[in-house]
Every structure is written in structure tokens, then in C-alpha cells.
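Residues per chain, in single letters:
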Amino acid sequence: MPLWADIGRSIAEATGAQFHIESRTSVGGGCINAAFRVTGGRRAYFVKTSAPHAADMFAAEAAGLGEIARSQTVRVPQPVCHGSTSEAGWLALEFIDFGSARRDSSRALGQSLAAMHRVTAPRFGWQRDNAIGATPQPNTPCADWAEFWREHRLGFQLALAARNGAPRSLLAKGERLLRDFPALLAGCAVEPALLHGDLWGGNAGVDSAGLPVIYDPAVYYGHREADLAMTELFGGFNADFYAAYREAFPLDPGYPVRKQLYNLYHVLNHYNLFGGGYARQAEAMVDRLLAEI
Ligand code: ADP
């Protein structure tokens, strides 16, 4: 069946109400996939499409959105259905009418994120693997945070970086960091908290009622500082957001150092995706971290 007819039929099946796609408009802004607003009758959906092999990544994204939605702490687009044809993999979500921030939108996001981070699981990781950007993200459950971060986050990206020809100096210092970084966690009680996992400014917005919305997650249960650190990596979150978060859920001492440990994962991922100057940036971060141990 042609792609869009298949998507329309799946939306009808998932929602239990007849649906035929009457219009399809491209929506800009996505980093990786093509994105569309599709409408039929008075209903609208947001549909992302990519290569057929992306179907599993989209299934993981839908599961992640479902996990956050069930926490009832912050608005996410409700997943509707996902699938693939020989042409493409696709994901259909509730269409969100984005609006402009109100005076208290940033505070609301800080409070909602803190509430989401109060939701915990018995172990770190998640019930399934997903992706961070276009890179696989393993979420094998693990009782120990340092082990999880070593094996499934920093170690995984460093191994990829080695295959991608990263400088030997970065890899050698990275090995030392893998061995020694648990010292940075001393005295810090880490709970497996529900994380968005890819919380940069491009993955958060405000709906037409001024309420915060987060989307495009890479969900797992981990140290909440990892989410917060990423909000600082590329900017886009203001002082009200951080003040509200800290009021709702104060941070442990040592966060300013550990945030480098957590953002190193994303900088290594950027090296693995885009190459270039990210290796230098990663190595400078490793140097700073080693100097703190
Ligand atoms: P990608 O996976 O390609 O990075 P995103 O999920 O970030 O794509 O979505 C791309 C853009 O589409 C976002 O920046 C946002 O502006 C818009 N968008 C995302 N989700 C929705 C939605 N459910 N409804 C309406 N617009 C959305």
C-alpha cells in the first residue's frame, strides 16, 4: 500500500475513527527526519518519516513519549501509531499547536521537569534501547549508576569514536576517565529518575495555552542531573526555569562538575555524528574532569 494511504489507515485503526488524509504540509525544524502536518476532517496529526530502517527508532520514540505521558508531569505529544512500508518508516503523533511563552512558562517547565524527575524505577536504563540523534542508545537495565554510565553511555560513545578515527589522546584520556569518574559521584545519592534524555532547546516548547511541552525524547531512567546538564549545553533555558527546578528539587553539591561528565556523552555523540571540532571539545572536557578527580 502506498505510504500515505497506509499512514491514514493506521491512524484510523489506532483512533477507532475513520480518517482520510486530505492535506499534508511539510513542517520545518527537524534535524533528522521529514515532518508533516496531516489533516482529515477536523483532525490534525504530526507525522515524521524517514528511511524504512528507522521504524524501530520511531517505535522507541513512541514508547518514550508514552512513558512520559503516563507520568502525568509534563505535556508531550501523545503517540498515535507508527509503522513502515518498503518506502519509509513513520511515526504519527498528536499535533501540538505551539504558541508563545507566557510570563510563567519557563517556571512551569522547571517545575514539571522536577516532578518528572521524582518518578523513579527500580533500575537504571529502560525496558528497551532507543536512539540519541541517529546513534543507537543502549538502555540495558543496571542496578549501579556508575556502571551504567561507564558501559552504556561514555564507554559506548568512546568505542564508537575509536572506530570513527578519534585522536588517540582523546581515547587514552577517555579510558582514564572511565576508570576514575565514580569519584565525582561520591556523596551523591543517585536515583533512577525518568529522563527525557535529549533535552536541548529544540525539543521543548509551549502550547497555545502557554503550557510547556517536551518532545523528541531519548527516554531512560538515570541521574536527573544528566537532563539538567543537557539544558545547559546548547542554551535556550532561562534563569526562571533553573530557579523553579531548584526550588522544587534542590540539586546536590558537585553538580557543576558532574554536568561536564554528563554533557561529555552528547559531545562525543556529536563527534560520532558530525566529526570535526567536537573531538577537541570532548578532549577539553575530559581534561577538566580529570583535573577534578
Ligand atoms: P526530528 O526527530 O527530526 O528532530 P522533531 O521531533 O524534533 O524532529 O520535530 C521537528 C519539529 O517539528 C520540532 O522542532 C517542532 O517544531 C515540530 N513538532 C514536533 N513535534 C510536534 C507535534 N507533535 N506537533 C506539532 N509540531 C511538532
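Residues numbered from 1 in each chain as written. Predicted model: local features only at pLDDT ≥ 70, side-chain atom pairs only at ≥ 80, totals over all residues. Heavy atoms only, no water.

(A) Local environment of the overall build of the protein chain. For the protein chain, the helix and strand inventory stands at nine helices and 11 strands. Relative to its length of 293 residues, the protein chain is compact, with a C-alpha radius of gyration of 20 Å against a globular reference of 19 Å. If one aligns the C-alpha atoms of the protein chain with their principal axes, the spans along those axes are about 60 × 45 × 35 Å. Taking all 293 residues of the protein chain together, the buried fraction comes to 52%. With an accessible surface of roughly 13,300 Å², the protein chain has 50% of that area assigned to carbon and sulfur atoms. Looking at the protein chain, you have 27 positive and 29 negative side-chain charges, and the mean spots of the two groups are 2 Å apart. (Helix = DSSP H or I, 4+ residues; strand = E, 2+ residues; numbered from the N terminus. Rg over C-alpha atoms; globule rule 2.2 N^0.38 Å. Buried < 20%, exposed > 50% of the residue type's maximum accessible area, 1.4 Å probe, protein only. Areas by Shrake-Rupley, 256 points an atom, 1.4 Å probe, with all protein chains shown as cover. Lys, Arg positive; Asp, Glu negative; His and termini not counted. Charge placed at Lys NZ, Arg CZ, Asp CG, Glu CD.)

(B) Just the environment of alanine 186, in detail. Assignment of secondary structure puts alanine 186 in the loop between helix 5 (168–180) and strand 8 (193–195). When the C-alpha atoms of alanine 186 and glycine 254 are compared, they prove to be 9.1 Å apart, with 68 residues separating the residues in sequence.

(C) Highlighting the pairing of strand 4 (residues 79–84). Judged from the five bridges that link them, strand 4 and strand 5 (residues 89–94) form a sheet pairing that is antiparallel. Residue pairing for strand 5: histidine 82 is matched across the bridge by leucine 91. Two successive antiparallel strands, strand 4 and strand 5, enclose a turn made up of four residues. (Pairing = 2+ DSSP bridges.)

(D) Looking closely at the packing of helix 6 (residues 224–233) against helix 8 (residues 255–274). Orientation of helix 6 relative to helix 8, taken along the N-to-C sense of each, is 75°, at an axis distance of 8 Å. In terms of orientation, helix 6 lies roughly perpendicular with respect to helix 8. Along its contact with helix 6, which presents Glu225, Ala226, Leu228, Ala229, Met230, Glu232 and Leu233, the element helix 8 presents Tyr255, Arg258, Lys259, Tyr262, Asn263, His266 and Val267. Its residues placed into classes, the contact of helix 6 with helix 8 shows eight nonpolar, two polar and four charged. (Axes fitted to C-alpha atoms, helices over the stretch in contact; angles between N-to-C directions. Parallel < 35°, antiparallel > 145°, perpendicular 65-115°, else oblique. Contact = heavy atoms within 4.5 Å. Nonpolar A, V, L, I, M, F, W, Y, C, P; charged D, E, K, R; others polar.)

(E) Seen up close, helix 8. Between its terminal C-alpha atoms helix 8 stretches 28 Å, which fits the 28 Å expected from 20 residues at 1.5 Å a residue. The axis of helix 8 is deflected most strongly, by about 30°, at asparagine 263. Taking burial as the measure, the 20 residues of helix 8 include 15 buried ones, the bulk of the element. At the exit of helix 8 stands glycine 275, carrying a positive phi of roughly 70°. (Expected span 1.5 Å × (residues − 1). Bend = angle between axes of the 7 residues up to and from the residue.)

(F) Inspection of the state of the cysteines at higher detail. On inspection of all chains with the given rule, the structure shows zero disulfides. Looking at the unpaired cysteine 142, the closest cysteine sulfur is the one in cysteine 188, lying at 16 Å. (Disulfide = S-S within 2.5 Å.)

(G) Structural context of the site of the ligand. Around the ligand, 16 residues are found, and the nearest of them are Asn33, Lys48, Glu94, Ile96 and Asp216. In this structure, isoleucine 96 approaches the ligand through a main-chain N or O atom, which is 2.8 Å from a nitrogen atom. Contact with the protein chains covers 90% of the free accessible surface of the ligand, which is 550 Å². Considering only residue class, the shell around the ligand consists of eight nonpolar, five polar and three charged. If you count residues domain by domain, the shell around the ligand takes at least three from each of domain 1 (3–94) and domain 2 (105–292). (Near = heavy atom within 4 Å. Polar contact = N/O pair within 3.5 Å; in protein donor to acceptor, adjacent residues only side chain to side chain. Domains from an automatic or database assignment.)

(H) Structural detail: the side chain of arginine 153. As for its placement among the helices and strands, arginine 153 is situated in helix 4 (residues 145–163). Of the side chains bearing the opposite charge, aspartate 129 lies closest to the buried arginine 153, which forms no salt bridge; the N-O distance is 7.3 Å. Among the polar contacts made by the side chain of arginine 153, one reaches the side chain of asparagine 139 at a distance of 2.7 Å. With sequence-adjacent residues up to four places away left out, arginine 153 is seen in contact with Gln137, Pro138, Asn139, Phe148, Tyr220 and Tyr265. (Salt bridge = Lys/Arg side-chain N within 4 Å of Asp/Glu carboxyl O.)

(I) Representation of the domain arrangement of the protein chain within the structure. Once the domains are mapped, the protein chain shows domain 1 (3–94) and domain 2 (105–292). Inter-centroid distance (C-alpha atoms) of domain 1 to domain 2 is 27 Å. The interface is formed by 19 residues belonging to domain 1 together with 24 residues belonging to domain 2. Each partner contributes to the roughly 1,600 Å² buried at the junction of domain 1 and domain 2, and carbon and sulfur atoms together form 70% of this total. For the pair domain 1 and domain 2, the number of links is three salt bridges. A salt bridge links aspartate 207 to arginine 75; the shortest N-O distance between them is 2.9 Å. Summed over the shared surface of domain 1 and domain 2, the number is six residue pairs in polar contact (both at pLDDT 80 or more). With 11 residues, the single largest contributor to the side of domain 1 that touches domain 2 is helix 2 (residues 55–71). (Buried area = accessible area lost by both parts, 1.4 Å probe.)

(J) A look at the sheet that holds strand 5. Sheet architecture is open: five strands sit in the order 1-2-3-5-4, paired in antiparallel fashion. Each having just a single partner strand, strand 1 (23–26) and strand 4 make up the two edges of the open sheet. Each strand axis lies, on average, 25° off the axis of its neighbour in the sheet, ignoring direction. The sheet contact formed by strand 3 (residues 43–50) and strand 5 spans six bridges and is antiparallel. Within the sheet, the bridge partner assigned to threonine 49 lies in strand 5 and is tryptophan 90. Each of strand 1, strand 2 (34–40), strand 3, strand 4 and strand 5 touches helix 1 (residues 3–15); the most contacted strand, strand 3, lies at about 130° to it.

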